[in-house]
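Below are the chains, spelled out letter by letter.
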Amino acid sequence: VDYTTLSDDELMERLCSRDLGAFDALYDRYGDLVYSVALKVVGDTYVAEDITQDVFLRVWRRPEQFDLRRGKFITWLLSVARNRSIDERRSHGRRLRHEALPSVAEEESDVFPSGSDLDDPALATLLSDDRAAVRKALEVLPPEQKLAIQLAYFGGLTQQEIANRLGHPLGTVKTRIRLGMQKMRDALEERRAEERRI
Amino acid sequence: LTRIDCERVRESAYAYCIGALDHEESRPFEQHLLECEDCRDVIDRAREPAAALALSVPLRHASPSLKARVRASAGVLTDIRRRRTPRWWPASVAAMFVLVVGLAGWGTYLQVQVEDLRDRNTSIGDDATATSRELADVKDQLVRSSQEATGLRNSLTIQDALLQIVTQPDVANVELIGTGAAPEASARYVWSENEQLGALTARNLPDLENGTTYHLWLVYENGEVSAGAFVPDRDGRGRLVVQDLEGWRYGYGSLVGFAVSMEPIGPGTEHTRLVVLENAPSRGDATP
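The rules we used
- Residues numbered from 1 in each chain as written.
- Chains lettered and ligands numbered in written order.
- Predicted model: local features only at pLDDT ≥ 70, side-chain atom pairs only at ≥ 80, totals over all residues.
- Heavy atoms only, no water.
- Helix = DSSP H or I, 4+ residues; strand = E, 2+ residues; numbered from the N terminus.
- Buried < 20%, exposed > 50% of the residue type's maximum accessible area, 1.4 Å probe, protein only.
- Contact = heavy atoms within 4.5 Å.
- Areas by Shrake-Rupley, 256 points an atom, 1.4 Å probe, with all protein chains shown as cover.
- Expected span 1.5 Å × (residues − 1).
- Disulfide = S-S within 2.5 Å.
- Pairing = 2+ DSSP bridges.
- Axes fitted to C-alpha atoms, helices over the stretch in contact; angles between N-to-C directions.
- Buried area = accessible area lost by both parts, 1.4 Å probe.
- Salt bridge = Lys/Arg side-chain N within 4 Å of Asp/Glu carboxyl O.
- Polar contact = N/O pair within 3.5 Å; in protein donor to acceptor, adjacent residues only side chain to side chain.
- Nonpolar A, V, L, I, M, F, W, Y, C, P; charged D, E, K, R; others polar.
- Phe/Tyr/Trp six-rings, centres within 6.5 Å; stacked < 30°, edge-to-face > 60°.
- 1 Å grid on protein atoms, 1.4 Å probe; cavity = no way out; pocket = protein on both sides within 12 Å on 5 of 7 lines; lining within 4 Å.
- Points joined across faces, edges and corners; volume = space filled by probe spheres on them.

A. Representation of the overall build of chain A in the model. Across its full length, chain A carries nine helices and zero strands. Going from the N terminus to the C terminus, chain A shows its helices and strands as α-α-α-α-α-α-α-α-α. Expressed as a percentage of the 198 residues in chain A, the buried residues total 45%. Within chain A, residue pairs in contact and separated by at least 24 positions form 61% of the contacts whose partners lie at least 6 positions apart. Only carbon and sulfur atoms are counted for the fraction: they give 50% of the accessible area of chain A, which is about 10200 Å².

Structure (structure tokens):
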């Protein structure tokens, strides 16, 4: 079986039959992306690798947790990776608070990709179209909406924590997140519509 | 929990999907999702742009050893599962076999015990029946012995009375003959006014009916008086000693006859007329 030709859903179906070849194929396809998300959230390569291992072993042990009716596999996988990473970050953050509370500037620099955040050249083609569309959508967002969304998604902060951290009203933070995500969705749907037209 | 409505869920759908709700906000939110399919659809649609945020991260290459670790861990999990499976089945089958054999053996043991108990019970029942029969036989023997002893005692009593009576100069006797109710019966009554003593010996008396006994009646000019009751033996022989003859006569005039009748057990002043014996027609030697 040429696993590279199989779709994500087909590979997951084989995973339910304990097909290690399908598992290998899924890791080859998304292992680096999961690792990159974990690294983005926790900022530590060793911890990020542990998280990546946990995420894929969860997929291997409980493939039935993925419900095809609820969306695409990649959406589910990245949600699992992000949530597992945030749990680790919060756990690590609690440990850090006993040592030294990180500054707002440190957290903001942590969640914002800097100019030096470039893709590994060997991975540049991975989901390049999708990733380009998301980056494009984020670029057009007002900075305050982008900041609120990224502090929540990669920083693991709640709306109230973001409001406290930035010194903004809670309602303002809620509005920024809602409007920013709405624009993200519109941008992605517009791109999908363009693909259909092409 | 504070219940929230659909409008609030839709306002906070993106915040929920990027993990921006705190714990107190998430709980009623998720409770609402359990109950509202429309809002679940809203959340499903919001998940995609939320998850797409992950695609914005700069891509990094994980170490080559990570894949080997992940692959090896998955293989170990598979081996554990495979090892568990074959080990589980024989152990379970063996356990089931032992259980079934054990239950079968236990059932057989119980059945044997029940049958043994049943046999013992039957044996005890037979023994009890035999013992009961033996006891009944003993009881019959005792009754017979008692009756014989009573008969013997009566016989001795009557012999003593007869010796006393016949040695008196005023001895008198009368023969009683069976009536139509007891044609084979006969009796003799002897008495002495001097000794105030009388004795009745009868034979071939019919068996008593249930609840009855025989009475000897002294028949006077002005009435009849029971001189006593008696029960014949198995051979139909009856005996009765009568004392204080003068006392019976008081107020009734002269003695004119005798009779034996079958009467209900209990006090009675008159006989039932089921007479089985009465004195024969006067033959001169009978001087009532």
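There is more to say after this.
B. Main features of helix α3 (residues 23-35) of chain B. In this model, α3 of chain B (13 residues) spans 19 Å end to end at C-alpha, consistent with the 18 Å of a helix rising 1.5 Å per residue. On its buried face, α3 of chain B sits against α8 (159-166) and α9 (170-197) of chain A together with α1 (6-11), α2 (13-17) and α4 (37-52) of chain B.

C. How the structure looks around the state of the cysteines. Residue and element names in this part refer to chain B. Summed over all chains, the structure comprises zero disulfides over all chains. Considering cysteine sulfurs only, Cys39 is the nearest to Cys6, which forms no disulfide, with 3.7 Å between them. The exposure class assigned to Cys6 is partly exposed, which follows from its relative accessible area of 29%.

D. Broad picture of the sheet that holds strand β8 (residues 275-279) of chain B. All names here are of chain B. In space, the eight strands of this open sheet follow the order β5-β4-β7-β8-β1-β2-β3-β6, with antiparallel pairing throughout. On the outer flanks of this sheet lie β5 (223-230) and β6 (238-243), each paired with one strand and no other. Across the sheet, the axes of successive neighbouring strands diverge by a mean angle of 20 degrees, strand direction being ignored. Direction of pairing for strand β4 (residues 212-220) relative to strand β7 (residues 255-264): antiparallel, over a ladder of nine bridges. Counted as the bridge partner of Leu218 is Phe258 from β7.

E. Fine view of the pairing of β5 of chain B. Most of β5 of chain B is tucked away: six of the eight residues are buried. Between the end of β4 of chain B and the start of β5 of chain B, which pair antiparallel, lie two residues.

F. The arrangement of unusual backbone geometry in detail. Positive phi outside glycine occurs at Arg18 of chain A, with the angle close to 60 degrees. On the secondary structure map, Arg18 of chain A appears in the loop between α1 (8-15) and α2 (20-42). The backbone of Asn204 of chain B sits at a positive phi, close to 55 degrees, despite the residue not being glycine. Relative to the assigned elements, Asn204 of chain B resides in the loop between β3 (197-203) and β4.

G. Structural view of the pairing of strand β2 (residues 186-192) of chain B. Residue and element names in this part refer to chain B. Across the seven residues that make up β2, a large majority, six, are buried. Examined bridge by bridge, strand β1 (residues 172-178) and β2 share six bridges and lie antiparallel to one another. Opposite Val174, over in β2, you have Tyr189 as the bridge partner. The antiparallel hairpin formed by β2 and β3 contains four residues in its connecting segment, where Gln196 sits at a positive phi of about 55 degrees.

H. Geometry of the interface of chain A and chain B. Across the boundary between the two partners, chain A contributes 57 residues, which contact 41 residues of chain B. Between chain A and chain B, a total of about 4800 Å² is buried, with carbon and sulfur atoms accounting for 62% of that surface. One can count five salt bridges joining chain A with chain B. For the salt bridge of Arg71 of chain B with Asp24 of chain A, the shortest nitrogen-to-oxygen distance reads 2.7 Å. If you look at where chain A meets chain B, you find 17 residue pairs in polar contact (both at pLDDT 80 or more). Those elements giving two or more residues to the side of chain A that touches chain B turn out to be α2, α3 (45-61), α4 (73-97), α6 (128-139), α7 (143-153) and α9 of chain A. Per-element accounting of the side of chain A that touches chain B gives the leading share, 12 residues, to α2 of chain A. When the residues that make up the side of chain A that touches chain B are grouped by side-chain class, the tally is 26 nonpolar, nine polar and 22 charged.

I. Region of interest: the packing of aromatic side chains. All chains considered together, the criterion is met by 13 aromatic pairs over all chains. On the basis of an interplanar angle of 80 degrees and a centroid distance of 6.4 Å, the ring pair of Phe23 of chain A and Phe56 of chain A is categorised as edge-to-face. You can see Phe23 of chain A sitting in helix α2 and its partner Phe56 of chain A sitting in helix α3, a full 33 residues away along the chain. Ring centres of Trp191 of chain B and Phe258 of chain B lie 5.3 Å apart, and the angle between their planes is 50 degrees; on these two criteria the pair is classed as tilted. In this pair, Trp191 of chain B is assigned in strand β2 and Phe258 of chain B in strand β7, connecting sequence segments 67 residues apart.

J. Focus on the layout of surface pockets. Taken as a whole, the second largest pocket holds about 330 Å³ of empty space. Lining the second largest pocket are 19 residues, with Lys72, Asp130 and Arg192 of chain A together with Glu48 and Leu55 of chain B positioned closest to its centre. Among the elements of the structure, α4, α6 and α9 of chain A together with α4 of chain B are those that each provide at least two residues to the lining of the second largest pocket.

K. Main features of the environment of Gly223 of chain B. Residue and element names in this part refer to chain B. In this fold, Gly223 is placed in strand β5. Here the alpha-carbon distance between Gly223 and Val256, two residues 33 residues apart in the chain, equals 9.8 Å. Those residues in contact with Gly223 that lie beyond four places of it in its chain are Leu218 and Tyr252.

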